[in-house]
Amino acid sequence: MTLYFLSPVPAALRLNGQYVGVIDCFERKVEIQGDVFAEITPSDGGLPLCFIIDADFFRSPPASADVYLIGDDALIKLRAYRSSDAALRVIAQARTEECLFTLYSQGGLFVSCDGRDFSITELDRSFCEARFERQGVGGVSVMCLFAEGALAIFTESGKLVFRNAVKSYSCGDMLGVTIEFPTCADCEGECSFSFDGESFTLVSGTTRERREVRNELLHFAFFESVLVRGDSARYLSDELAPEAGKLSGYLGEFVDVLVPPQKFYAARNEKRAAGLVYPLGRNLFRVKFYAADVEGGKVVNIREIPYP
């Protein structure tokens, strides 16, 4: 079995106590047989991660890792490591009539909401310099926690009702957000959400491409345009363009587009293939591979390709 590892920071990998090498933001692969005990020690002083890679691991991954099933192989993407500094540090606070909101760090990053009820929400490190901003959406008061690139919104009583990566946001009759997508074409989306006091509902959205894509990356840009609800028709041949609205139904609800591993390219002569990621459960995904045949700079056919 081939395992691929990704880590947000350089980290030492040990399997069954033996040092294997350094893993980082580029895929590193190892071959394993049977169950193994993995130890990952990050270079930034964070706490190590340890888990047993067995059948249960691939059915229910730990919270510290996202697992992508690729045929009989797998990609293990480590999440952020907890800080070894367990001291309590308050970063920001704000109060409504019903609740005291506190953003603090203590090994990880958290928001506590202390009012009639009490709750703690863990956030990722993108919120480490966030600030509270009291706003109103659709006539309902909310508490926004905004950082450069991330937004979380709580009701005044402390319920988390929105969390996403955003470039900027505005409040009024509706919530408006600008989202930058990490795609080949540098896509940017503008979305509007209504709010009923309990949940947000997407009302409208547009996506525009801000970069021309080189021919060799055209198939990735095409699949990414379907993912971010962009103008995928512009990538299709005149014959297929009228069917662009059916692409989501044909490809299914995938959540990411990956470059196939070298093992795929070695076994398949498919230079126009991409891996589409489908959620199976908490932190668990399945990768399927599709090829986009290109003629004259346009996609003329889409095929599913089996993994070796």
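Look a little higher up for the structure.
These remarks concern the structure in this document. (Residues numbered from 1 in each chain as written. Predicted model: local features only at pLDDT ≥ 70, side-chain atom pairs only at ≥ 80, totals over all residues. Heavy atoms only, no water.)

### Notes on the pattern of salt bridges
Pairing is possible between side chains that carry opposite charge, provided their charged atoms lie close to one another.
Logical step 1: In total, this model carries 23 salt bridges according to the counting rule given.
Logical step 2: Ionic pairing is found between Asp56 and Arg59, a salt bridge with its closest N-O pair at 2.3 Å. Of the two residues, Asp56 and Arg59 both sit in helix α1 (residues 55–59), three residues apart, roughly one turn of that helix.
Logical step 3: Given a relative accessible area of 46%, Asp56 falls into the partly exposed group.
Logical step 4: Glu133 is the partner of Arg131 in a salt bridge, and the nearest nitrogen-oxygen pair spans 2.7 Å.
Logical step 5: Among the charged side chains, a network of salt bridges with common partners joins Lys167, Glu180, Asp186, Glu188, Glu190, Arg208 and Arg210. (Salt bridge = Lys/Arg side-chain N within 4 Å of Asp/Glu carboxyl O. Helix = DSSP H or I, 4+ residues; strand = E, 2+ residues; numbered from the N terminus. Buried < 20%, exposed > 50% of the residue type's maximum accessible area, 1.4 Å probe, protein only.)

### Quick look at the sheet that holds strand β12 (residues 118–123)
Logical step 1: Here we have four strands laid out as an open sheet, ordered β9-β10-β11-β12, and antiparallel in their pairing. Edge strands, defined here as strands with exactly one partner in the open sheet, are β9 (89–95) and β12. Taking the axes of each pair of neighbouring strands and ignoring which way they run, one obtains an average angle of 20 degrees across the sheet.
Logical step 2: Sheet topology places β9 next to strand β10 (residues 99–106); six bridges connect them, and they run antiparallel. Note that in β10 the partner of Arg89 across the bridge is Ser105. (Pairing = 2+ DSSP bridges. Axes fitted to C-alpha atoms, helices over the stretch in contact; angles between N-to-C directions.)

### Overview of the environment of Leu103
Logical step 1: Looking at where Leu103 falls in the secondary structure, it is placed in strand β10.
Logical step 2: Exposure remark for Leu103: the relative accessible area of 0% places this residue in the buried category.
Logical step 3: A C-alpha to C-alpha distance of 12 Å links Leu103 and Asp114, two positions eleven residues apart in sequence.
Logical step 4: The residues contacting Leu103, other than those within four sequence positions of it, are Arg89, Val90, Ile91, Ala92, Leu109, Phe110, Val111, Leu123, Phe127, Ala130, Phe132 and Leu145. (Contact = heavy atoms within 4.5 Å.)

### Concerning unusual backbone geometry
Logical step 1: Of note in the backbone geometry, Asp186 takes a positive phi value of approximately 50 degrees without being a glycine.
Logical step 2: Positive phi, close to 60 degrees, is recorded for Arg229, a residue that is not glycine.
Logical step 3: Tracing the backbone shows Arg229 in the loop between α2 (218–227) and α3 (247–251).

### Here's the deal with the state of the cysteines
Logical step 1: Per the counting criterion, the structure on display carries zero disulfides.
Logical step 2: With no disulfide partner, Cys171 has as its closest neighbouring cysteine sulfur the one in Cys144, 4.3 Å distant.
Logical step 3: Judged by relative accessible area, which is 26%, Cys171 ranks as partly exposed. (Disulfide = S-S within 2.5 Å.)

### Things to note about the pairing of strand β8 (residues 73–78)
Logical step 1: Burial analysis of β8 places five of its six residues in the buried class, which makes it a mostly covered element.
Logical step 2: Pairing analysis gives four bridges linking strand β1 (residues 2–6) to β8, with the strands arranged parallel. Across the sheet, residue Phe5 finds its bridge partner in β8, namely Ile76.
Logical step 3: In this sheet, β8 lies alongside strand β7 (residues 65–70) in antiparallel orientation, the contact comprising six bridges. Bridging from a neighbouring strand, Tyr68 pairs with Leu75 of β8.
Logical step 4: Linkage of β7 to β8, two consecutive antiparallel strands, is achieved through a turn of two residues, within which Gly71 is found at a positive phi near 60 degrees.

### Details of the packing of aromatic side chains
Logical step 1: On inspection of all chains with the given rule, the structure shows 17 aromatic pairs.
Logical step 2: When the ring of Phe222 is compared with that of Phe223, the centres are 5.1 Å apart and the planes differ by 55 degrees; the resulting orientation is tilted. Phe223 carries the same exposure label as Phe222, and that label is buried.
Logical step 3: Taken together, Phe162, Phe193, Phe195 and Phe200 form an aromatic cluster joined through their ring pairs.
Logical step 4: Directly above the aromatic system of Tyr235 lies the positively charged group of Arg234, at a separation of 4.9 Å from the ring centroid.
Logical step 5: Above the ring of Tyr278, the side-chain terminus of Lys288 is found at 5.1 Å from the ring centroid. (Phe/Tyr/Trp six-rings, centres within 6.5 Å; stacked < 30°, edge-to-face > 60°. Lys NZ or Arg CZ within 6 Å of the ring centre and 35° of its normal.)

### A look at the environment of Leu6
Logical step 1: With respect to the helices and strands, the residue Leu6 is situated in strand β1.
Logical step 2: Once the C-alpha coordinates of Leu6 and Asp66 are considered, the two residues, 60 residues apart in sequence, prove to be 9.7 Å apart.
Logical step 3: With residues near it in sequence (within four places) discarded, Leu6 still touches Asp24, Cys25, Phe26, Glu27, Leu75, Ile76, Lys77 and Leu78.

### Remarks on the side chain of Thr121
Logical step 1: Positionally, Thr121 belongs in strand β12.
Logical step 2: Setting aside chain neighbours within four positions, we find Thr121 in contact with Leu109, Phe110, Val111, Phe154, Leu160 and Arg163.

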